[in-house]
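# Reading the structure
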Amino acid sequence: MNGHPNGIGTARPVNFDTRPMLVFWEVTRACLLACQHCRASATPGALHGELTSAEGLDMIEQVAGFGHPYPILVLTGGDCLLRPDIFTLVDAAVAKGIPVALSPSVTPRLTDEAIATMVAKGVKAVSLSLDGACPGTHDGIRNIPGSFDATLVMIDKLVAAGLTLQINTTVMARNLEEMADIAALVAEHGVHMWEVFFLVHVGRGEATGAISAAEHEDVCHFLFDAAHYGFIVRTVEAPFFRRVVAQRRAGGAAPASAGYAHLSARLAELLGEHGDVRPSAHTASTRDGKGIVFIAHDGEVYPAGFLPLRVGDVRTTPLAEIYRDNEVLRDLRAAAFTGRCGACEFADLCGGSRARAYAATGDPRAEDPACVYVPDGHPTGV
């Protein structure tokens, strides 16, 4: 899981050349679920080489080494609640003033006691996954009967506990028709943020049904509409959502496609017309390696969880040094791209999915094949 429940403000703008906004730490690969699209290809037990408790505490010191404003530390997995020292790590980070978010799985480990402990320990935000609007879809993707109903119960408990809650949804062929219905559940249950993941073929995600480039565009325009209903919308591996937001806010038209029309009409049917409400769409110009860095269970560092291109190891090199000095990360932050992404006027705001470019071509600087946009004067289409 690679969600970033980051509804946590920082005191002043962040220079992404010197520090990330988000540090994801995959504290374990262990998870009791076997989701079809799992980035981590999680396993029932911890894998060999997982950072020890002492190394984990050192990791937290390394995050503090970025200086103020500290990045948000997202403890993910696998299932972070399967790590026995998870709340010791939370205590250490909170004691230093580092904002902490958790991404647990909905399993018997996510108890009322665990939720109360999160609140007591100062966890700022939590994310849960919801990949369908009905048990048939969600439970089928999660491979656990009853997971849909249990997730709705946990959503209500986390909101009632006062935790900032983010729902993560991975859009794929199997649930594309249900996206408006999922948005309605997000609104009706008082969720604060909806983060929509767009598949990149890594881990078990290689076996799932990614949607087409045109459908990516339809979904992004639909998400702009959904952002009018009282929750923040952000995307993972679809930074071109920001381009769509910029175009729509400037008066640009939504697509005339049947797919978009269906999603938009269903959203209005479920939640009503949104009127002139300003959309709460996340548009910070982060991307894989820019404002984001990922530490795997064994301490190896990557630009993001979906971009399996090793750039360092926290066991041998301080995280801040890796982030600031690695040549690949510097190129990604500088928008040193090729193809349409390199020629695009939205290169810094968006920059395309570096993970998808890498999966498609082996080059993290290549163009994102899931984006339909062709910059003015560029000779090629999609």
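Here, every reference points to the structure presented above.
The paragraphs below set out a description of the structure included in this document. (Residues numbered from 1 in each chain as written. Predicted model: local features only at pLDDT ≥ 70, side-chain atom pairs only at ≥ 80, totals over all residues. Heavy atoms only, no water.)

### Topic: the pairing of strand β7 (residues 232–236)
To keep it simple, the criterion reads: Think of it in three bands: residues with accessible area under 20% of the maximum for their type are buried, residues over 50% are exposed, and the middle band is partly exposed, with areas taken using a 1.4 Å probe on protein chains only. Only DSSP runs of H or I covering at least 4 residues are called helices, and only runs of E covering at least 2 are called strands; the numbering of each starts at the N terminus. Strands pair, by our definition, only if DSSP identifies at least two bridges between them.
Burial analysis of β7 places four of its five residues in the buried class, the great majority of the element. With five bridges joining them, strand β6 (residues 193–198) and β7 adopt parallel strand pairing. Within the sheet, the bridge partner assigned to methionine 193 lies in β7 and is isoleucine 232.

### Concerning the packing of aromatic side chains
To describe a pair of aromatic rings, one takes the distance between the centres and the angle between the planes. To be explicit about the condition: Between rings of Phe, Tyr and Trp, where Trp is taken as its six-membered ring, a pair exists when centres lie within 6.5 Å; planes separated by under 30 degrees are stacked, by over 60 edge-to-face, and by other angles tilted.
Taken as a whole, this structure holds six aromatic pairs when the rule is applied. Aromatic pair phenylalanine 66 and tyrosine 323: ring centres 5.9 Å apart, planes at 85 degrees, arrangement edge-to-face. Of the two residues, phenylalanine 66 is situated in the loop between α1 (53–64) and β2 (72–76) and tyrosine 323 in helix α10 (residues 319–325); the sequence distance between them amounts to 257 residues. Considered together, phenylalanine 66 and tyrosine 323 belong to a single accessibility category, that of buried residues. Aromatic side chains tryptophan 194 and phenylalanine 222 sit 6.3 Å apart centroid to centroid with 85 degrees between the ring planes, which places their arrangement in the edge-to-face category. In this pair, tryptophan 194 is assigned in strand β6 and phenylalanine 222 in helix α7 (residues 213–226), connecting sequence segments 28 residues apart. Exposure remark for tryptophan 194: the relative accessible area of 0% places this residue in the buried category. Since its relative accessible area comes to 0%, phenylalanine 222 is described here as buried. Counting every residue linked through ring pairs, the aromatic cluster contains Trp194, Phe222 and Phe231.

### Notes on α1
The test is simple: Here, expected helix span is obtained from the residue count minus one, scaled by 1.5 Å. Residue contacts are defined here by distance: any two heavy atoms, one from each residue, within 4.5 Å place the two residues in contact.
With 12 residues, α1 extends 17 Å from end C-alpha to end C-alpha; this agrees with the ideal 16 Å at 1.5 Å per step. Taken as a whole, α1 has its buried residues at Gly56, Met59, Ile60, Gln62, Val63 and Ala64. Buried residues in α1 make contact with β1 (22–26), β2, α2 (86–95), β9 (291–295) and α10.

### Concerning unusual backbone geometry
At the junction of histidine 68 and proline 69, the peptide bond is cis and its omega measures out at -10 degrees in the coordinates. Mapped onto the secondary structure, proline 69 falls in the loop between α1 and β2. Along the chain, glycine 77 connects to glycine 78 via a cis peptide bond; the corresponding omega equals 15 degrees. Within the fold, glycine 78 resides in the loop between β2 and α2. Look at asparagine 143: it is not a glycine, yet its phi comes out positive at around 65 degrees. Mapping asparagine 143 onto the fold places it in the loop between α4 (135–142) and α5 (147–160). Residue asparagine 143 is classed as partly exposed on the basis of its relative accessible area of 42%. A positive phi angle, near 60 degrees, is found at glutamate 237, a position not held by glycine. Position of glutamate 237 relative to the elements: it lies in the loop between β7 and α8 (240–249). Relative accessible area serves as the criterion here: at 6%, glutamate 237 is assigned to the buried category.

### What about the nonpolar core?
One recurring pattern in soluble globular proteins is that nonpolar side chains are buried together. Heads up, the rule is: Here, nonpolar core refers to any group of buried Ala, Val, Leu, Ile, Met, Phe, Trp, Tyr and Cys residues whose side-chain atoms link them within 4.5 Å.
Of all hydrophobic cores here, the largest spans 112 residues; its most connected members are Leu102, Trp194 and Phe222. Excluding residues within four positions of it along the chain, phenylalanine 222 makes contact with Met179, Ala180, Ala183, Trp194, Tyr260, Leu263, Ser264 and Leu267.

### With respect to the packing of α4 against α5
Spelled out, the test is: Each axis is a line fitted through C-alpha atoms, taken for helices only over the stretch in contact, and angles between the N-to-C directions span 0 to 180 degrees. Under this scheme an angle from 65 to 115 degrees is roughly perpendicular, one under 35 degrees roughly parallel, and one over 145 degrees roughly antiparallel; angles in between are oblique. Asp, Glu, Lys and Arg are counted as charged, while Ala, Val, Leu, Ile, Met, Phe, Trp, Tyr, Cys and Pro are counted as nonpolar; the rest, among them Gly, fall into the polar class.
At a minimum axis separation of 8 Å, α4 and α5 run at an interaxial angle of 100 degrees. Between α4 and α5, the angle is such that the two are roughly perpendicular. Where α4 approaches α5, its residues Pro135, His138, Asp139 and Arg142 are matched on the opposing element by Ser147, Phe148, Asp149 and Thr151. A per-class count over the contact of α4 with α5 returns two nonpolar, three polar and three charged.

### Focus on the side chain of threonine 235
To be explicit about the condition: Under this definition, polar contacts are N or O atom pairs within 3.5 Å; protein pairs additionally need one hydrogen-donor-capable and one acceptor-capable atom, and for neighbouring residues in sequence, both atoms have to be side-chain atoms.
With respect to the element layout, threonine 235 can be found in strand β7. Within the structure, the side chain of threonine 235 is placed 2.9 Å from the backbone oxygen of alanine 238, a separation counted as a polar contact. Leave out the neighbours within four places in its chain, and threonine 235 touches Val196, Phe198, Leu223 and Phe241.

### What to know about the environment of histidine 228
Tracing the chain through its elements places histidine 228 in the loop between α7 and β7. Separated by 49 residues in the primary sequence, histidine 228 and valine 277 have C-alpha atoms spaced 5.8 Å apart. Discounting residues that sit within four places of it in the chain, histidine 228 has contacts with His274, Val277, Arg278 and Pro279. Here phenylalanine 224 takes part through its backbone oxygen, which lies 3.0 Å from a polar atom of the side chain of histidine 228. Here the side chain of histidine 228 touches valine 277 through a polar contact of 3.3 Å, landing on its backbone oxygen.

Function cannot be inferred from these measures alone, as they are strictly geometric.
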